[in-house]
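Close look at the chain arrangement
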Amino acid sequence: MKADKVEREAAEWLAACDAGSLSAQQEAALQAWLALSDRHYAAFLRLQACWVEADRFGQLRVPNEPLNVDLLRSHAKPPPHRVSRSLLAIAASVLVATGLLMGIPPLWSGTEHYATGRGGYARIPLSDGSIVALNTDSEVRVHLTERRREVTLVRGEAQFIVAHDTMRPFDVYAGSKIVRAVGTAFVVRRFGGDDVQVLVTSGRVAIVAPDVQLSEVTLSALPESIPTVRAGEVARVRNGGQISVSPLGAAAQHATSWTEGRLWFDRLTLAQAVAEFNRYNRRQFVIDDPSIADIHIGGAFDADDVESFAAALKSFGIKIDETNPDIIKLSKAQL
Amino acid sequence: MTNGPERFLLQALPYEGPLLAYLQRCAHNPADAADLLQETYARLLRAGVTDTMVVQSIKAFAFTIARNVAIDYARARRVNDPPVIPIDSMSDAQQNDASSDHTDVENAANAQQELELLAAALAQMPERCRRIFTLRKVYGYSQAEIAAALNISENTVEKISDWRRDGVRITCAVSRVGRPSIRCWINWGSGGGGYR
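Chains are numbered independently. Their residues run from 1 in the order of the written sequence. Ligands are numbered from 1 and chains lettered from A, in the order in which they are written. Per-residue local features of the predicted model are confined to residues with pLDDT of at least 70, and side-chain atom pairs are confined, for both listing and counting, to 80 or more; whole-chain, interface and lining totals are unaffected and use all residues. As a rule here, side-chain values come from all non-hydrogen atoms in the structure, and water together with hydrogens is ignored.

1. What to know about the overall build of chain B
The helix and strand tally for chain B stands at 10 helices and zero strands. Numbering of helices and strands runs from the N terminus, with a helix taken as a DSSP run of H or I at least four residues long and a strand as a DSSP run of E at least two residues long. The linear arrangement of helices and strands in chain B, starting from the amino end, is α-α-α-α-α-α-α-α-α-α. Relative accessibility under 20% of the residue-type maximum defines a buried residue, over 50% an exposed one, and the middle range a partly exposed one, all with a 1.4 Å probe and only protein chains included. Looking at chain B as a whole, 53% of its 196 residues qualify as buried. Look at the contacts in chain B between residues 6 or more apart in sequence, and 62% of them connect residues 24 or more apart. Per-residue and other accessible areas were derived by the Shrake-Rupley procedure at a 1.4 Å probe size, with only the shown protein chains allowed to occlude residues. Approximately 9,100 Å² of chain B is accessible, and the part contributed by carbon and sulfur atoms is 50%. Note on contacts: a residue pair is in contact if any heavy atoms of the two residues lie within 4.5 Å.

2. What about helix α2 (residues 16–26) of chain B?
The buried fraction of α2(B) is high, at eight of 11 residues. By the burial criterion, the buried members of α2(B) are Glu16(B), Gly17(B), Leu19(B), Leu20(B), Ala21(B), Tyr22(B), Leu23(B) and Cys26(B).

3. Remarks on the confidence of the model for chain B
All names here are of chain B. The pLDDT value expresses, per residue, how confident the predictor is, ranging between 0 and 100. When pLDDT is averaged along chain B, the result is 66, and 51% of the positions lie at 70 or above. Segment residues 87–109: pLDDT under 50, and 19 contacts once partners within four positions in sequence are set aside and those in other chains are kept. For residues 175–196, every residue scores under 50 in pLDDT, and the model assigns this stretch 51 contacts once sequence neighbours within four places are set aside. Of the two predicted TM-score estimates for the complex, the pTM is 0.46 and the ipTM is 0.76.

4. Regarding the sheet that holds strand β8 (residues 177–181) of chain A
Residue and element names in this part refer to chain A. Taking strand neighbours across the sheet as the criterion, the seven strands line up as β1-β4-β5-β7-β8-β11-β12 in an open arrangement whose pairing is mixed. Looking at strand neighbours, the two that pair on one side only are β1 (112–115) and β12 (228–230), the edges of this open sheet. For this sheet the average axis-to-axis angle between neighbouring strands, irrespective of direction, equals 20°. In terms of strand pairing, β1 meets strand β4 (residues 139–144) through four bridges, oriented antiparallel. Each residue of the ladder has a partner; that of His113, found in β4, is Arg141. Between any two strands, at least two bridges found by DSSP are needed for them to pair. For helices, the fitted axis covers only the stretch in contact; all axes are lines through C-alpha atoms, and the angles between them, taken along N-to-C directions, range from 0 to 180 degrees.

5. Thoughts on the pattern of salt bridges
Residues and elements named next belong to chain A. A pairing counts as a salt bridge when a side-chain nitrogen of Lys or Arg comes within 4 Å of a carboxyl oxygen of Asp or Glu. Evaluated as defined, the whole model comprises 26 salt bridges over all chains. Of the charged contacts, one joins Arg46 and Glu7 as a salt bridge, the two residues approaching to 3.7 Å between their closest N and O atoms. Here the residue Arg46 occupies a position in helix α3 (residues 38–53), and Glu7 occupies one in helix α1 (residues 3–18), the gap between them amounting to 39 residues. We classify Arg46 as buried; its relative accessible area is 9%.

6. Digging into helix α8 (residues 306–315) of chain A
Because the α-helix completes a turn every 3.6 residues, residues three or four places apart line up on one side. Residues and elements named next belong to chain A. Here α8 has its buried residues at Val306, Phe309, Ala310, Ala312 and Leu313. Axial view of α8: buried residues confined to an arc of 160°, hence all on one face. For α8, exposure combined with an orientation more than 90 degrees from the buried face picks out Lys314 and Ser315. Residues of α8 that are buried sit in contact with β15 (262–269), α7 (270–280), β16 (284–287), β17 (296–302), β18 (318–321) and β19 (327–332). Gly317 sits one or two positions beyond α8 and adopts a positive phi of about 90°. Our arc is simply the arc of the directions from the helix axis toward the C-beta atoms.

7. A word on the sheet that holds β16(A)
Residues and elements named next belong to chain A. An order of β16-β19-β18 is seen for the three strands of this open sheet, with the pairing classed as mixed. With partners counted over all chains shown, the strands left at the sheet margins are β16 and β18, one partner each. Sheet twist, expressed as the average angle between the axes of neighbouring strands with direction ignored, equals 30°. Sheet topology note: the β16/β19 ladder contains four bridges and is parallel.

Dropping the structure here:
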């Protein structure tokens, strides 16, 4: 078997996945290819891990600076054999001065890696006593040392119940921000890009950019400029880095219901509710009729119970079309 | 998921440098070494299917599997002769294992350096390829956003997926650029984004 051919095919599949969601047909073809040989699946997993790892390049980005398509070139260091030690030292000090060094979580070494697939859930006890709960289709890397506790939320959503340790802050890297806690409970969700939500259920956390010298940030003496989020509040970081904090209100008691496999919809639009349901299931709801996208719905459902949700919608006068077994089309019932 | 069958494979990835170095000493050419490495990963995956298995040291475990793969390879090549597996290589590997803590600490310190090396390797990609990679991984752009940002006409958008595929492979190659054993693998041909 030729390793190179397998790797090339794996790279093609990975590129297809990276381009967006696969069609049902492509998805089936990928599953078939993966099932054909352990070599295929192994090659795919390896490439995927590297590709995800390349997200670290996101840390090179300087907030509020214009787009620079040649950014990598400016960070490239000439080949080692042509660089003297002093030049290396200068390069390192420049990076420290711009704060980049602080914002880059460690690569592989000593890092534990956890991920869930669609519909998955995992509860991971860490060696420091903290607990990480992973929601559907989520991925974290955990790096615990004697002086720091660092978790990178690569994608998806995770709840952190942090064991109290003032000597060892607990930092969650999510997009362009770091969420710092000492001992508290909070949920971080990445919506893609820099769009991040931080929801605090107990204690408080600080949200800082990677270019802040973290060693100087303690939760007891925070500069005014550092936003904090308290229990019962939710912060949303939008692209561009602006942070808005608002109270959770009545939604607070259901904010972590996903840890029990339940979804609570409190006056969400149908579009929002459907998007939420689709996160957990292979069978996807599709709204085929824009006029019903904005109707408001509420209720509690088991996250994996597509049938009950469909039945509930039907009882509210929404037409369900299951011609395609992978897709549930929703439209307005004809009177 | 770390409890899934993938766990051993994912945990073994940090040791790819030393594993490949060992397999290169067992194999007759680089292509065979790459083949042996892929087989090692496939067997790590299979080992993970047995969820009762407890592994004390993932590094030692990965090396044991690599050695078995190398023995099978030697057997297949010399049907009538006893397999020849470089014993010195294996003792290297074990020595490596004994000092694994040290190596890991060193690796952590080198993370920043590694990123610079990666950037250096990627900086040598063809310009457009590099820019696409930059937009995707540094700025998190979607395919459509990349096309818009680079002012690429619809006709060439399909090319993007080619470039990104190169990017995928490039990433895999250069993510290990910091490890001397495989530095020789990075060699940009005149043809563009490929690696050998």
